[in-house]
Amino acid sequence: MINIAVSATSVESEMLKGWLMSFSLLLGYLRWVSYLRIFAPTRNLLRIIFEICKDMLSFVIVLGFTIVCFSLMFLQFEDERNLRDVIFYVYLLMYAEIGDTEDTFDFSRRSLLVILTFILSVVLLNLLIAIMADSYERV
């Protein structure tokens, strides 16, 4: 339905048109996935996925707070970057996308990097695994 509305209207901005099409494709995908509840094996998997997503809300809040907090810490050492770029950089650090940091990082930045890597990789990853295990046991 959204696809027809997007193609029927003359949207001037290509970016807006791309966002609307992407959102409509996501809604269509979720609709088709919901049809998989007909089959018994996929019904249980979908229920587990939805329960895990509901239980992860508090985890996502803690993760977002951690990313913003460490972004503000890293921003204190940056001169030419803005907050949005630093938040994206810390988000990439969550996936161990460190890049070339030997030349540009001093001791304080490296210390923050070690603390952030420990918190994100060890503590929050184990918390996520525990949340998923509890959800799986409940279902």
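To keep things clear, this report deals only with the structure shown in the data block. All residue numbers refer to positions counted from 1 along the written sequence of the respective chain. Reporting in this predicted model follows two pLDDT cut-offs: at least 70 for local features of residues, and 80 or more for side-chain atom pairs to be given and counted; totals over whole chains, interfaces and linings ignore these cut-offs and use all residues. Hydrogens and water molecules were not included; the side-chain quantities draw on all heavy atoms of the structure.

1. Details of helix H3 (residues 40-55)
Formally: Segments assigned H or I by DSSP are reported as helices when at least four residues long, segments assigned E as strands when at least two residues long, and all are numbered from the N terminus. What a helix should span is 1.5 Å times the count of its residues minus one. Note on classification: 1.4 Å probe, protein chains only; a residue is buried when its accessible area is under 20% of the maximum for its type, exposed when over 50%, partly exposed between these limits. What makes two residues a contact is simply this: any of their non-hydrogen atoms within 4.5 Å.
An ideal rise of 1.5 Å per residue puts 22 Å on 16 residues; H3 measures up with 23 Å between its terminal C-alpha atoms. Taken together, the buried positions of H3 are Leu-46, Ile-48, Glu-51 and Ile-52. Turning to H3, the residues buried within the fold contact helix H2 (14-34) and helix H6 (107-138).

2. Side note on the nonpolar core
Nonpolar side chains tend toward joint burial in soluble globular proteins. To keep things clear, this is the line we draw: Note on terminology: a nonpolar core comprises buried Ala, Val, Leu, Ile, Met, Phe, Trp, Tyr and Cys residues joined through side-chain atoms within 4.5 Å.
In terms of nonpolar packing, the biggest core is built from 17 residues, with Phe-59, Leu-63, Phe-74, Val-90, Leu-93, Leu-116 and Leu-120 touching the most fellow members. Of all the secondary structure elements, the ones that give two or more residues to this core are helix H4 (57-75), helix H5 (83-94) and H6. Broken down by element, the residue count for this core peaks at seven residues, all from H6. Apart from the residues lying within four places of it in its own chain, the contact partners of Leu-116 are Phe-70, Phe-74, Val-90, Leu-93 and Ser-121.

3. Things to note about the packing of H4 against H6
For the record, the criterion: Here, axes are lines fitted to C-alpha atoms. For helices the fit covers the stretch in contact, and angles between N-to-C directions go from 0 to 180 degrees. Any angle that is under 35 degrees is reported as roughly parallel, and any over 145 degrees as roughly antiparallel; angles of 65 to 115 degrees are reported as roughly perpendicular and all others as oblique.
Direction vectors running N to C along H4 and H6 enclose 180 degrees, while the axes themselves pass 11 Å from each other. The orientation of H4 with respect to H6, classified from their angle, is roughly antiparallel. Across from Phe-59, Val-62, Leu-63, Thr-66, Phe-70, Met-73 and Phe-74 in H4, the residues of H6 making contact are Arg-109, Leu-112, Leu-113, Ile-115, Leu-116, Ile-119, Leu-120, Leu-124, Leu-127, Leu-128 and Ile-131.

4. Here's the deal with H4
The end-to-end C-alpha separation of H4 is 27 Å, in line with the 27 Å expected for 19 residues at 1.5 Å each. The elements touched by buried residues of H4 are H5 and H6.

5. Remarks on the environment of Met-132
As for its placement among the helices and strands, Met-132 is situated in helix H6. You can call Met-132 partly exposed: its relative accessible area is 33%. Residues Met-132 and Ile-48 lie 84 residues apart in sequence; the distance between their C-alpha atoms is 9.0 Å.

6. Describing the packing of aromatic side chains
Let me state the cut-off plainly: Stacked, tilted and edge-to-face are the three classes assigned to paired rings of Phe, Tyr and Trp, where Trp is represented by its six-membered ring and a pair needs centres within 6.5 Å; plane angles under 30 degrees give stacked, over 60 edge-to-face, the rest tilted.
Scanning the entire structure with this criterion turns up three aromatic pairs. Here the aromatic rings of Trp-32 and Tyr-35 are separated by 5.3 Å at their centres, their planes lie at 80 degrees, and the arrangement is edge-to-face. Since its relative accessible area comes to 62%, Trp-32 is described here as exposed. Between Phe-88 and Tyr-91, the ring centres sit 6.4 Å apart and the planes meet at 25 degrees, which makes this aromatic pair stacked. In this pair, Phe-88 and Tyr-91 both sit in helix H5, three residues apart, roughly one turn of the helix. Tyr-91 gets classed as partly exposed once you look at its relative accessible area, which sits at 35%.

7. Considering a nonpolar patch on the surface
Our working rule: Only residues whose relative accessible area exceeds 30% and that form no salt bridge enter a patch; like-charged residues are grouped when within 9 Å of one another, and nonpolar side chains (Val, Leu, Ile, Met, Phe, Trp, Tyr) when within 5 Å. Only the protein chains shown count as cover for residues, with accessible areas throughout obtained via the Shrake-Rupley method and a probe of 1.4 Å. Salt bridges are counted wherever a side-chain nitrogen of Lys or Arg sits within 4 Å of a carboxyl oxygen of Asp or Glu.
The grouping of Phe-23, Leu-26, Leu-27, Tyr-29 and Leu-30 at the surface amounts to a nonpolar patch, some 500 Å² of accessible area in total. In this fold, Tyr-29 is placed in helix H2.

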